[in-house]
Structure formats: structure tokens, C-alpha cells
Amino acid sequence: MQLPPIPRALKIIATALLAGVVICVSLNLRLFNLFLVEDAVEGWAVHHMSNFGGRGSFDRRVKIVLIREKQHDGQAPWGDADKKHRDFFAELITAMTTAKAKVLAFDVSFDGKSGVDKKVGDAIAKAKDAGLTVIVGGESYTNGKIDPDIPAEFNQPQWGLISVGAYQGNEDDGKAIRAMKLAEIEGGNAAAVVPSLALRIVMDSQSLTPELYPEWNRLFLYSDKAKTQLWRTIPLDRGNYMFLDQASRNDLDGARVDAQRIFDDFDDANELIKKYENAIVLVGYELGESKPVQAGGTRLGVELHATTVSNILRQLFIYKLDLIYSYVIVMLMALLAGVMYTPLG
């Protein structure tokens, strides 16, 4: 018995649907990225949204204290990180305590001991008592330990990871940065969040409790310890990366405070309060920190952290279409293609 021929319309629709399924599965397994197709399209989309979709406003509470690369006159520190700068950092902590700032975060990892560590620790202790949170940087977190170790005399400041991450490969490869690694989880526990410097700043400035679900590409921030009051949901990609709505060069320049300029205000309490009350202050170095970004131009590492903080506080997120919606769109397009190529009559 010969089966009746399958109508041409059904063949076309079936072929289109099969092609749609193959595309969806390939997207899910990221097979297109074997040929860098996905990265190329994604990079174009982020560049377009950053430059033509309209940048959001930069949060004016965020300030950047920049320690410049080249030698200058004055008493503030210059050049790359050095233990002798800790004396300046201790005074900076005291100044921000006087200013009634909210957070002071160092995009710096403090490796090894120095003769002024007790002075730094005393300043951190007084800052805690006054309501100022001091955060220091770490390079990595392994087996329950931050690396490098935070000096014991620092009186246990908060910490966050300062690495940009490897969304587009190793961050030293020179590829344009479009996403920042926001957090990791320890031991598969969604509540055991290992925060980046930027996330730690947001958590401590707003008294938030995080919960990370890499499989959902979501980070939940709660305003209470019991996690009953959701403050914000942050969209992620590849488990723990957040796309950046890059702040403009003008906004970042406006947020910058030269180290010498802030040093000159150390003894003027009124000026400090006027400029930094309730501020979120990040401290970083200029030397060797310039990185290309997807939106064009370059940014310093501390500027990337500041942009991440501002994006979260201002709710400026670049969402990637959820996979289920990609499936639906591909299927509808496949069906439409089948219908369009079906002969009439």
C-alpha cells in the first residue's frame, strides 16, 4: 500500500521548524560561538545600546579618587601601589569618616605588611563606629580565603574581588570589555555569594543581602536578612556577568577627584562634608589600568567598578532575551517562512 504524498506545504513547514529547532539548540549550547558569531553579534548589540540607545545618568553619589601615574609636586601618593601609600590611605579613611561618607572602597589588594598597618586598622575601626564602611580589594577567593590575605592589623574591613573577569577571554588579552563579573557562589550555595568590589559596595551602601542563581542568570538583592523584601533583580549573562551601560567620559571625569586635591581638604571638615557626605568613594590607580571597552575608548579599572555601581543603583541594565523567548520567535519565523513559500491553489 502506497502512502499518500505529503503536501508540499507541510514539507516546507516541517523543514523550517526543524531548522528552527537546530538553531535554538545551537544557541543553547553556544555552538555558534565556535566561530565567534555569537560574540560578534552580542558585541555589536551592546555597542549599539551604549552609544545609540541613550546612556542613562551617572549616579552623582559615586566619586573616584584617582592616584595618577606620573610624579607630581605635592604630598599625596603617586605612581603604582606601594606600602608607603598606606599612610595616605589611613588619612583618607579618617577624612571620609569626618565627611560622613557612606562607603570608601579601595580598588587595591593589600599584599604584605607595612609599618603603618595599625594606623590603617585604627582608622577603619573608627570609621565602623561612625557608620562608614571600608572595603578593600582581593584578587581571588579560594577554599574560604581571600587572596592576598588582608593584613591582620586592618581590623577586618569588608572585601570584594577586583578582577574584571574573563567574559571575552582573559582580561589581559586586550579585548573590548562589555561585561563585568559581578559575583561567584561558593560550594553551589546560592546564598554563599562571593561578591565583586562593585557588588560589595552596593550591598553595604544599601544594607542588602544577595542570592545568586547562575542557572537563571539572575542575582537577587534583598533589603532584609530573611530575604522577604526584594530590592532589585539584576540580569546576568553566562551565570555571573553583568552587561555595562558604559558611563560617558564626561560623567567619569566629573566624578574624578585627584588625590592631591582631596589631600588638600584633609584638615577642612566643612569642605569634606560639603563634597563627600553620603558619598560612595572608590580609590584606584592610573598606572597599567587602562582597558578598551565595547562602547569605544578606554576606561580605568576603578572606572569600570564605578560604572557597575552606578548602573545597579540607577537600575540601568542591558537585558539579553531569555532563551524561551528566542525559541518562540525562531519557531514563529519558521512557520511564517513555511506559509510564505507555500504555493496557493
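Residues numbered from 1 in each chain as written. Predicted model: local features only at pLDDT ≥ 70, side-chain atom pairs only at ≥ 80, totals over all residues. Heavy atoms only, no water.

**Student:** Which parts of the structure should I look at to understand the sheet that holds strand E6 (residues 158–161)?
**Tutor:** Across a sheet, paired strands are connected by hydrogen bonds in the backbone, their directions being either parallel or antiparallel. Taken in spatial order, the 6 strands make up an open sheet running E6-E3-E2-E15-E1-E14, and their pairing is parallel. What marks the edges here is a single partner per strand, and that holds for E6 and strand E14 (256–258). Taken pair by pair, the neighbouring strands of this sheet meet at an average axis angle of 25 degrees, ignoring direction. As judged from the 6 bridges shared by strand E1 (residues 62–67) and strand E15 (residues 280–285), these two strands associate in the parallel manner. The residue bridging Leu66 from the neighbouring strand is Gly284, located in E15. Most of the contacts of helix H5 (residues 197–206) go to strand E2 (residues 103–109), to which it runs at about 160 degrees, and overall it touches E2, strand E3 (133–138), E6 and E15. (Pairing = 2+ DSSP bridges. Helix = DSSP H or I, 4+ residues; strand = E, 2+ residues; numbered from the N terminus. Axes fitted to C-alpha atoms, helices over the stretch in contact; angles between N-to-C directions. Contact = heavy atoms within 4.5 Å.)

**Student:** Explanation requested: the packing of helix H3 (residues 85–99) against helix H8 (residues 269–276) in the structure shown.
**Tutor:** Between two packed helices, both the angle of their axes relative to each other and the distance between the axes serve to describe the pair. Interaxial distance between H3 and H8 falls to 8 Å at its minimum, and their mutual angle equals 75 degrees. Classified by the interaxial angle, the pair formed by H3 and H8 is roughly perpendicular. Two secondary-structure elements touch here, H3 through Ala95, Met96, Thr98 and Ala99 and H8 through Ala269, Leu272, Ile273 and Tyr276. Partitioning the contact of H3 with H8 into residue classes produces 7 nonpolar, 1 polar and no charged. (Parallel < 35°, antiparallel > 145°, perpendicular 65-115°, else oblique. Nonpolar A, V, L, I, M, F, W, Y, C, P; charged D, E, K, R; others polar.)

**Student:** Explain the environment of Ala198 here, please?
**Tutor:** Along the chain, the position of Ala198 falls in helix H5. Assessed through its relative accessible area of 1%, Ala198 is described here as buried. For the pair formed by Ala198 and Thr307, sequence separation is 109 residues and the distance between their alpha carbons is 8.7 Å. When residues no more than four places from it in sequence are discounted, the contact partners of Ala198 are His305, Thr308 and Val309. (Buried < 20%, exposed > 50% of the residue type's maximum accessible area, 1.4 Å probe, protein only.)

**Student:** How should the packing of aromatic side chains be read in this particular structure?
**Tutor:** Here a ring pair, both rings aromatic, is described through the centre-centre distance and the interplanar angle of the planes. If you walk through the whole model with that rule in mind, you get 12 aromatic pairs. Here Trp216 and Phe220 contribute two aromatic rings whose centre-to-centre distance is 6.4 Å and whose plane-to-plane angle is 80 degrees, an arrangement assigned as edge-to-face. You can call Phe220 buried: its relative accessible area is 15%. One aromatic cluster is present, built from ring pairs that chain together Phe88, Phe89, Phe106, Phe110, Phe154, Phe263 and Phe266. The cationic tip of Arg200 hangs over the ring face of Trp159; the distance from NZ or CZ to the ring centre is 5.5 Å. We note Arg232 situated over the ring of Trp231; from NZ or CZ to the ring centre the distance is 3.8 Å. (Phe/Tyr/Trp six-rings, centres within 6.5 Å; stacked < 30°, edge-to-face > 60°. Lys NZ or Arg CZ within 6 Å of the ring centre and 35° of its normal.)

**Student:** Can you help me understand the nonpolar core in this one?
**Tutor:** Considering soluble globular proteins, one finds that nonpolar side chains tend to be buried as a cluster. Core analysis: the biggest nonpolar cluster contains 42 residues, and Leu182, Leu199, Ile201, Leu219, Leu221, Ile234 and Met242 have the highest contact counts within it. Secondary structure elements with two or more residues in this core: E1, E2, H5, strand E11 (218–222), helix H6 (249–255), E15 and helix H9 (301–314). Those residues within four positions of Leu219 in sequence are excluded, and the remaining contacts are Leu182, Leu199, Pro210, Glu211, Leu212, Arg232, Thr233, Ile234 and Leu236. Counting residues in each nonpolar core, the second largest holds 39 residues, with Phe110, Ala259, Ile262 and Ala279 among its members. (Core = buried A, V, L, I, M, F, W, Y, C linked by side-chain atoms within 4.5 Å.)

**Student:** In this structure, what is going on with the pattern of salt bridges? I would like to understand it.
**Tutor:** Oppositely charged side chains can pair when the atoms bearing their charge come close. In this structure the tally under the stated criterion is 15 salt bridges. For the salt bridge of Glu271 with Lys275, the shortest nitrogen-to-oxygen distance reads 3.5 Å. With Glu271 and Lys275 both in helix H8 and 4 residues apart, the pair spans about one turn of that helix. For Lys275, a relative accessible area of 33% corresponds to the partly exposed category. (Salt bridge = Lys/Arg side-chain N within 4 Å of Asp/Glu carboxyl O.)

**Student:** Sorry if this is basic, but what is going on with a nonpolar patch on the surface here?
**Tutor:** A cluster of nonpolar residues, Val328, Leu332 and Leu335, forms a patch on the protein surface that exposes about 250 Å² of accessible area. Mapping Leu335 onto the fold places it in helix H10 (residues 323–340). (Patch = residues over 30% accessible without salt bridge, like charges linked within 9 Å, V, L, I, M, F, W, Y side chains within 5 Å. Areas by Shrake-Rupley, 256 points an atom, 1.4 Å probe, with all protein chains shown as cover.)

**Student:** Got a minute to help me understand a negative patch on the surface in this structure?
**Tutor:** There is a patch of like negative charges on the surface, built from Asp111, Glu139, Asp147 and Asp149. Note on placement: Glu139 falls in the loop between E3 and strand E4 (140–142). (Lys, Arg positive; Asp, Glu negative; His and termini not counted. Charge placed at Lys NZ, Arg CZ, Asp CG, Glu CD.)

**Student:** How should the packing of H3 against helix H4 (residues 117–130) be read in this particular structure?
**Tutor:** Between H3 and H4, whose axes approach to 9 Å, the crossing angle comes to 15 degrees. One way to sum up the angle between H3 and H4 is to call them roughly parallel. Considering how the two elements wind past one another, H3 and H4 form a crossing that is left-handed. Residues Arg86, Asp87, Ala90, Glu91, Ile93, Thr94 and Thr97 of H3 form the contact with H4, whose own contacting residues are Asp117, Lys119, Val120, Ala123, Ile124, Lys126, Ala127 and Ala130. For the contact of H3 with H4, the per-class residue count stands at 7 nonpolar, 2 polar and 6 charged. (Left-handed = near helix turned anticlockwise from the far one by under 90°.)

**Student:** What should I look at first to understand the sheet that holds strand E12 (residues 230–235) in this one?
**Tutor:** Reading across from one edge, E10-E11-E12 is the order of the 3 strands in this open sheet, with antiparallel pairing throughout. Unpaired on one side and paired on the other, strand E10 (209–213) and E12 mark the two borders of the sheet. Averaged over all pairs of adjacent strands, the angle between their axes in this sheet comes to 20 degrees, without regard to strand direction. Packed onto the sheet, H5 meets E10, E11 and E12 and runs at close to 25 degrees relative to E11.

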